[in-house]
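Each chain, written out:
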Amino acid sequence: MTAAPPRRFAALRNPQCAIYLTGAALMMMADNIEHVITYWVLWQRFHSPALAGFEVISHWLPYLLLSVPFGQLADRFDCRRLIQLGGALFALVSIAWGVLFSTGTLTVWAACVLLVLHGMAGAIWTPAEQLLLHDFVGPAELPSAVRLNSTFRSLGILFGPVVGAVLLVGLGPTAGIFVNALIYVPLIVFLFVTPFTGHTRDVGAPRPRAGFREAFSTLRLIRTDRTLVSMLILAGLGSFFIGASLQTTMPAFADRFGAGDGIAYSALLFAVGAGGVVGGVLLEATQRIPSTVGAAVVSTFAYGAAILGFALTGWYWLALALLFVGGMANLASMSISQTVVQLLAPPGERGRVVGLYGVAANGLRMGSGLTVGLFGQLVGVGPALAWSSAALLVGTAVAGGIAERGRRRLLLAR
């Protein structure tokens, strides 16, 4: 008797998961609205390139340092409360910005504190979210939940700058940032209602202690699993070599293409996000690409190739097309690798393993400031991105080889 094929948009057929995905998209949109408003105010007030650099560091450093400890907390405690903690911290930071704006008391040190707290809120949220998605739908429909979560997040990233600009221009930065705090509320309220905790499907699974010793033991736990290791490597490669560099270097590429006007420049940024949204919808609608190691390797390779082509081309319309394809491939790569990691992680250790994935996929984005940013100062942004993309292609091939050797060993062992 053959197994029934997976349902299309299965996660949206689950009412609890569908509501969560909508609330998470709003929270991601609010996250990006805050960036639009606060980064504009900080530049207008201080005109500090160093502070602009700290904005990037403060956002991703908490993922690098704290993803595993927060994953341990997700293993131990109710994931609803951890996500609420992250959402409440997001909202309180927005309110604090509003108070500083309205009273005229904004200083560099206060801005740095709020930027770090904002980054910590995201790091708290991410591992608990992944466990909650698994709890909503179970292993069979987890690929759908992860794909759609990535797609809804892409929607939030896509519309955040648009809504942020409307609030900034229409209401001003102070009123706009106060309104932004309210956007976090729906998800926080929903998590008081849903019965899922992130652990209801793992009743009886051991709950390891949380501590630095236990954090390091996670590395020992997975080091013999070549598939898990290869997925972490894939996520880390894309994060380290390209990561957040596309957004920060896009003004330089816009100048190269002669896309100095606002619409043409915005279209370059929009193409990446639109590719992620369309790619997520197509993946879910067609169900043609399975959540396998091979699919993760191919999609990561396609991402690197698309960005390499973008870095080398001098044609604006081809650049738009390559960014769109790159957005699709990146969403496929991240959602597939994340699904594989969750499915292979032991139930009692899932939070810590997901935390390690967060270190690779999010924390290592800081590295793109070196591979593209600092290196770009020496050789130019275009060549730096091209060399970084080429390094991603080589690393992806190596990671794919590691995974293939692991698969062959398993087959021989059987």
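Fair warning: this is a prediction, and the values are worked out from it, not measured in the lab.

S.K.: Help me get a handle on the packing of aromatic side chains, residues and values and all.
M.R.: For the structure shown, the criterion picks out 11 aromatic pairs. With a centroid separation of 5.9 Å and 35° between ring planes, the pair formed by Trp 97 and Phe 101 is classed as tilted. You can see Trp 97 and its partner Phe 101 sitting in helix H4 (residues 79-103), four residues apart, about one turn around the helix. Accessibility classification places Trp 97 together with Phe 101 in one group, the buried group. One aromatic cluster in this structure is built from Phe 253, Phe 257, Phe 310, Tyr 316 and Trp 317. In this structure, Arg 365 packs its charged tip against the face of Trp 60, placed 4.9 Å from the ring centre.

S.K.: I'd like a description of empty space enclosed by the protein, backed by residues and values.
M.R.: In the structure shown here, the tally under the stated rule is two cavities of 30 Å³ or more. By volume, the largest cavity amounts to about 40 Å³. Taken together, Glu 34, His 35, Thr 38, Tyr 39, Glu 55, Ser 58, His 59, Leu 115 and His 118 form the lining of the largest cavity. Among the elements of the structure, helix H2 (15-46), helix H3 (49-76) and helix H5 (108-137) are those that each provide at least two residues to the lining of the largest cavity. Top contributing element to the lining of the largest cavity by residue count: H2, with four residues. Classifying every residue of the lining of the largest cavity by side-chain character gives two nonpolar, five polar and two charged. Within this model, the second largest cavity holds a volume of roughly 30 Å³. As for the second largest cavity, its lining consists of Leu 234, Ala 235, Gly 238, Thr 300, Tyr 303, Asn 330, Ser 333 and Met 334. Where the lining of the second largest cavity is concerned, the elements lending two or more residues are helix H10 (226-241), helix H13 (293-312) and helix H14 (316-344).

S.K.: Could you give me a rundown of the environment of Phe 301, with the residues and numbers involved?
M.R.: On the secondary structure map, Phe 301 appears in helix H13. For Phe 301, a relative accessible area of 38% puts it in the partly exposed group. Phe 301 sits 99 residues away from Gly 400 along the chain, and the two C-alpha atoms are 9.8 Å apart. Other than its neighbours up to four places away in sequence, Phe 301 contacts Leu 393 and Thr 396.

S.K.: Run through the packing of H4 against H5, naming residues and quoting values.
M.R.: A packed helix pair is summarised by two numbers, namely the angle formed by the two axes and the spacing between the axes. The interhelical angle for the contact between H4 and H5, taken along N-to-C directions, is 160°, at an axis separation of 8 Å. Judged by the angle between their axes, H4 and H5 are roughly antiparallel. As H4 runs across H5, the sense of the crossing is left-handed. Class assignment for the residues of the contact of H4 with H5 results in 21 nonpolar, three polar and two charged.

S.K.: Give me the pattern of salt bridges: which residues, what numbers.
M.R.: A complete count under the given rule lists three salt bridges for this structure. Here Glu 129 makes a salt bridge to Arg 153, at a shortest N to O gap of 3.0 Å. Here Glu 129 is found in helix H5, whereas its partner Arg 153 is found in helix H6 (residues 142-170), with 24 residues between them in sequence. By relative accessible area, Glu 129 is classed as buried at 0%. Residue class for Arg 153 comes out buried when judged on its relative accessible area of 18%. In this structure, Glu 284 and Arg 147 form a salt bridge, with 2.9 Å as the shortest nitrogen-oxygen distance. One end of the pair, Glu 284, is in helix H12 (residues 262-286); the other, Arg 147, is in helix H6, with 137 residues separating them in the sequence. For Glu 284, a relative accessible area of 0% puts it in the buried group.

S.K.: So what about H2? Which residues, and what values?
M.R.: The terminal C-alpha atoms of H2 lie 46 Å apart, and with 32 residues this matches the ideal 46 Å at 1.5 Å per residue to within 8%. Of the residues that open H2, the one with a side-chain oxygen 3.1 Å from the backbone nitrogen of Gln 16 is Asn 14. Trailing H2 by a residue or two, His 47 shows a phi angle of about 50°, which is positive.

S.K.: Summarise H5; cite the residues concerned and give the values.
M.R.: In this model, H5 (30 residues) spans 44 Å end to end at C-alpha, consistent with the 44 Å of a helix rising 1.5 Å per residue. Burial within H5 is extensive, with 23 of its 30 residues counted as buried. Of the residues one or two after H5, Gly 138 is the one with positive phi, at around 80°.

S.K.: Tell me what's going on with the nonpolar core, and back it up with residues and numbers.
M.R.: Among the nonpolar cores identified, the biggest contains 53 residues, and Tyr 20, Ile 83, Trp 97 and Phe 136 are the most heavily contacted of them. Of all elements in the fold, only H2, H3, H4, H5, H6, helix H7 (173-183) and helix H8 (185-193) reach the threshold of two or more residues within this core. When residues in this core are grouped by element, the largest group, 13 residues, is from H2. In contact with Trp 97, other than residues within four places in its own chain, are Glu 34, Thr 38, Leu 42, Leu 106, Ala 111, Leu 114, Leu 115 and Ile 177. Ranked by size, the runner-up nonpolar core spans 26 residues in total, among them Leu 228, Met 231, Val 293 and Leu 356.

S.K.: Describe the packing of H4 against H7, naming the residues involved and giving the relevant values.
M.R.: At a minimum axis distance of 8 Å, the contact between H4 and H7 shows a crossing angle of 165°. In terms of orientation, H4 lies roughly antiparallel with respect to H7. Both H4 and H7 take part in a crossing whose hand is left-handed. Residues Ala 91, Ser 94, Ile 95, Trp 97, Gly 98, Val 99, Phe 101 and Ser 102 of H4 pack against Pro 173, Thr 174, Ile 177, Phe 178, Asn 180 and Ala 181 of H7. Its residues assigned to classes, the contact of H4 with H7 comprises nine nonpolar, five polar and no charged.

S.K.: Mind laying out a nonpolar patch on the surface, listing which residues take part and the relevant values?
M.R.: A cluster of nonpolar side chains, contributed by Leu 92, Ile 95, Val 99 and Phe 178, occupies part of the molecular surface with about 330 Å² of accessible area. With three residues, the single largest contributor to the nonpolar patch is H4. Checked against the element boundaries, Ile 95 lands in helix H4. In this structure Ile 95 comes out as partly exposed when scored by relative accessible area, which is 36%.

Rules used throughout
Residues numbered from 1 in each chain as written. Predicted model: local features only at pLDDT ≥ 70, side-chain atom pairs only at ≥ 80, totals over all residues. Heavy atoms only, no water. Phe/Tyr/Trp six-rings, centres within 6.5 Å; stacked < 30°, edge-to-face > 60°. Helix = DSSP H or I, 4+ residues; strand = E, 2+ residues; numbered from the N terminus. Buried < 20%, exposed > 50% of the residue type's maximum accessible area, 1.4 Å probe, protein only. Lys NZ or Arg CZ within 6 Å of the ring centre and 35° of its normal. 1 Å grid on protein atoms, 1.4 Å probe; cavity = no way out; pocket = protein on both sides within 12 Å on 5 of 7 lines; lining within 4 Å. Points joined across faces, edges and corners; volume = space filled by probe spheres on them. Nonpolar A, V, L, I, M, F, W, Y, C, P; charged D, E, K, R; others polar. Contact = heavy atoms within 4.5 Å. Axes fitted to C-alpha atoms, helices over the stretch in contact; angles between N-to-C directions. Parallel < 35°, antiparallel > 145°, perpendicular 65-115°, else oblique. Left-handed = near helix turned anticlockwise from the far one by under 90°. Salt bridge = Lys/Arg side-chain N within 4 Å of Asp/Glu carboxyl O. Expected span 1.5 Å × (residues − 1). Polar contact = N/O pair within 3.5 Å; in protein donor to acceptor, adjacent residues only side chain to side chain. Core = buried A, V, L, I, M, F, W, Y, C linked by side-chain atoms within 4.5 Å. Patch = residues over 30% accessible without salt bridge, like charges linked within 9 Å, V, L, I, M, F, W, Y side chains within 5 Å. Areas by Shrake-Rupley, 256 points an atom, 1.4 Å probe, with all protein chains shown as cover.

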